[in-house]
Amino acid sequence: MKLIVKVFPEITIKSPPVRKGFIRQLAKNIRTVLRDLDPELRVDGVWDNVEVETALSDAKTLQQMIERLRCTPGIAHCLEVHEYPLGDLDDILAKCKAHYADRLAGKIFAVRCKRAGKHPFSSMDVERHVGSELRIQCGAAGISLKAPEIEVRMEIRDQRLFVVHAQHDGIGGYPLGALEQTLVLMSGGFDSTVAAYQMMRRGLMTHFCFFNLGGRAHELGVMEVAHYLWKKYGSSHRVLFISVPFEEVVGEILEKVDNSQMGVVLKRMMLRASTEIAERLHIDALVTGEAISQVSSQTLPNLSVIDSATDMLVLRPLIASHKQDIIDTAFEIGTAEFAKNMPEYCGVISKNPTTKAKRYRIEHEEKQFDMAVLERAMANTRQVAIDRVIDELGQDLQVEEVIEASAGQVVLDIRHPDLAEDEPLQLQGIEVHTLPFYALNNRFKELDVNRQYLLYCDKGVMSRLHAHHLLSEGHVNVRVYRPS
Ligand SMILES: Nc1ncnc2c1ncn2[C@@H]1O[C@H](COP(=O)(O)OP(=O)(O)OP(=O)(O)O)[C@@H](O)[C@H]1O
């Protein structure tokens, strides 16, 4: 199969050397993202598109390839095409007929031709000839250029003809690796996950930084959603997940800072810490999910005082977004399910948080704060490559594993629903329920405590992590199911 990947239109209007650089980067990213599906894949960047060719014909793998391309930043859309050497107008007609004949009977259609190179005919000559002949030969109902039911599409490039079989829309943006890097402050809710996605889609390599305010379940949830985002939209580049233990910082704030000023001080501490991390890693900007007035503390005076804690650029891609739009995007990109179920832990809750923070007042409050506490948090920061984040977490956890389920036990398939649907787990005589890992924390307590639950996932890592967490929460009837 051949795919023609059309790059994001903003790239095509760049100067030739810049455009070339972007296309080279995109071709490299596509190779990386698809390599495990076909190590022999051919990827060539040309003028304003990238050609991808695979000798594989298995429908499931091809579908996976297309799905990955659709989520790769820099791609406007990709076309599934059939390639032929270019012949005369009748030959072009014959090729189009071979692919479209069975779809045209009784339909209103249009022929669209794009052409590059020197030919004895124009694009319009091709459209007219193919259109009028297909109409007669295939029994079509008519031609409408404005509102066709079916479009017969082709591209002619020099001496090659591509008949388009299907088009798949991508997410647009710039290829990762061609621009700078950012560090997103990730709390795992709707806002920070959408903010991270927007930066990634725009082509900025985005690392994740989480401040652990005291909730282990929150940390696990943030790791999972960060891993999901990276895997789905950014796996062409390895990024980092950084976890900063902020429990002691929260304790110090609770003890030393006036209640109404606590939220602003906490955010300033987060910015100080993330600035240091970003500088160490040569990252150019910080990103947060704040949107103006979304919560009472997200006011301009507060944001201004928060920003004065750092000289680093702080980007807030959602600043003027409506909450509903953010939620809709989270559903589209697949982070909403994580966000809805995120066991958020907020260490400092002010009764009357200030909405008009004053810098002198905040600085006065911070004078009481022992900065050694922040330094200790920084010294204990954990940094893991995102592709290892789940594995490393699961390594040392002691959880009993079961290789064969027996009657009476319930197997909980905690995989992402897409995966569970594609390859359903079927066990003779055993009760199997699907309960995705992101919903596990909230829904587990609704289950019958007298049953024994075996958690199942594909690699045995997520199941171990979650089983360990449930055990530590006091649910004793939990094991990991690892069929041999
Ligand atoms: N524990 C945390 N770790 C990392 N970043 C955080 C943390 N808490 C807050 N942030 C950052 O500050 C931003 C604002 O957080 P806040 O809790 O005020 O709003 P929010 O609307 O609940 O955010 P979200 O929906 O992203 O959880 C978040 O979007 C995130 O970028």
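Residues numbered from 1 in each chain as written. Predicted model: local features only at pLDDT ≥ 70, side-chain atom pairs only at ≥ 80, totals over all residues. Heavy atoms only, no water.

Focus: the pairing of strand S7 (residues 150-157)
- Within S7, seven of the eight residues are buried, leaving the element largely enclosed by the surrounding structure.
- Taken together, the eight bridges between strand S5 (residues 108-116) and S7 define a ladder with parallel strand orientation. Counted as the bridge partner of Cys-113 is Met-154 from S7.
- As defined by bridge partners, S7 adjoins strand S8 (residues 160-172) across four bridges and the pair is classed as antiparallel. By the bridge assignment for S8, Ile-156 is matched with Leu-161.
- The turn joining S7 and S8, which pair antiparallel and follow one another in sequence, is formed by two residues; a positive phi near 50° is taken by Asp-158. (Buried < 20%, exposed > 50% of the residue type's maximum accessible area, 1.4 Å probe, protein only. Helix = DSSP H or I, 4+ residues; strand = E, 2+ residues; numbered from the N terminus. Pairing = 2+ DSSP bridges.)

Points about the layout of surface pockets
- Reported here for the largest pocket is a volume of approximately 1600 Å³.
- Counting residues per element, the ones that place at least two in the lining of the largest pocket are helix H2 (16-34), helix H3 (59-70), helix H7 (216-233), helix H15 (389-394), helix H16 (417-422) and helix H18 (461-472).
- Element by element, the count of residues in the lining of the largest pocket is highest for H7, at seven residues.
- A per-class count over the lining of the largest pocket returns 15 nonpolar, 11 polar and 17 charged. (1 Å grid on protein atoms, 1.4 Å probe; cavity = no way out; pocket = protein on both sides within 12 Å on 5 of 7 lines; lining within 4 Å. Points joined across faces, edges and corners; volume = space filled by probe spheres on them. Nonpolar A, V, L, I, M, F, W, Y, C, P; charged D, E, K, R; others polar.)

What about the environment of Glu-290?
- Residue placement: Glu-290 occurs in the loop between strand S12 (285-287) and helix H10 (300-307).
- Spatially, the C-alpha atoms of Glu-290 and Leu-303 are 8.9 Å apart, while their sequence positions differ by 13 residues.
- Contacts of Glu-290, omitting those with residues within four sequence positions, involve Lys-267, Gln-298, Leu-303, Ile-306, Arg-316, Leu-318 and Ile-319.
- Side-chain polar atoms of Glu-290 contact the side chain of Thr-288, separated by 2.7 Å.
- Only 2.6 Å separates the side chain of Glu-290 from the side chain of Arg-316, close enough to count as a polar contact. (Contact = heavy atoms within 4.5 Å. Polar contact = N/O pair within 3.5 Å; in protein donor to acceptor, adjacent residues only side chain to side chain.)

Quick look at the UniProt feature "domain: THUMP" (unreviewed entry) in the chain
- Per the UniProt annotation, the sites labelled "domain: THUMP" (unreviewed entry) are residues 63-167.
- For residues 63-167, the helix share is 38%, the strand share is 36%, and the end-to-end C-alpha distance is 13 Å. (UniProt positions renumbered as here; feature names shortened; annotations may be inferred.)

Re the site of the ligand
- For the ligand, the set of nearby residues contains 18 residues, the closest of which are Leu-185, Ser-187, Asp-191, Ser-192 and Phe-211.
- Within the contact set of the ligand, an oxygen atom lies 2.7 Å away from a backbone nitrogen or oxygen of Ser-192.
- Between Gln-298 and the ligand, the recorded distance is 3.1 Å, taken from a side-chain N or O atom to an oxygen atom.
- For the ligand, whose accessible area on its own is 590 Å², the fraction buried by protein is 88%.
- Elements that contribute at least two residues to the shell around the ligand include exactly helix H6 (190-201), strand S10 (205-212) and helix H9 (262-280).
- A breakdown of the residues in the shell around the ligand according to their chemical character gives seven nonpolar, seven polar and four charged. (Near = heavy atom within 4 Å. Areas by Shrake-Rupley, 256 points an atom, 1.4 Å probe, with all protein chains shown as cover.)

Concerning the sheet that holds strand S2 (residues 42-45)
- Spatially, the eight strands line up as an open sheet ordered S2-S3-S1-S4-S8-S7-S5-S6, and their pairing is mixed. Edge positions in the open sheet fall to S2 and strand S6 (142-143), since each of these has one partner strand only.
- In the packing of helix H4 (residues 89-104) onto the sheet, contacts are made with strand S4 (75-85), S5, S7 and S8, and the angle to S7 comes to roughly 155°. (Axes fitted to C-alpha atoms, helices over the stretch in contact; angles between N-to-C directions.)

Some words on the sheet that holds strand S19 (residues 478-481)
- An order of S15-S19-S18-S16-S17 is seen for the five strands of this open sheet, with the pairing classed as parallel. Among the strands making up the open sheet, the edge pair consists of strand S15 (401-402) and strand S17 (431-434).
- Two elements, strand S18 (residues 452-456) and S19, share three bridges in a ladder whose sense is parallel. What sits directly across from Tyr-453, in S19, is Val-478.
- Contacting S15, S18 and S19, H18 crosses the sheet at an angle of about 175° to S19.

Considerations on the nonpolar core
- One finds Phe-208, Leu-229, Phe-241 and Leu-412 to be the most contacted residues of the largest nonpolar core, which totals 60 residues.
- Among all residues touching Leu-229, those that are not within four sequence positions of it are Met-186, Thr-193, Ala-196, Tyr-197, Met-200, Phe-208, Gly-234, Ile-333 and Thr-335. (Core = buried A, V, L, I, M, F, W, Y, C linked by side-chain atoms within 4.5 Å.)

Points about the packing of helix H8 (residues 247-256) against helix H14 (residues 371-379)
- With their axes 8 Å apart at the nearest point, H8 and H14 run at an angle of 165° to one another. Judged by the inter-axis angle, H8 sits roughly antiparallel to H14. As for how H8 packs across H14, the hand of that crossing is left-handed. Packed against H8, whose contacting residues are Glu-248, Val-249 and Glu-252, the element H14 presents Val-373, Leu-374, Arg-376 and Ala-377 at the interface.
- Residue composition of the contact of H8 with H14, by class: four nonpolar, no polar and three charged. (Parallel < 35°, antiparallel > 145°, perpendicular 65-115°, else oblique. Left-handed = near helix turned anticlockwise from the far one by under 90°.)

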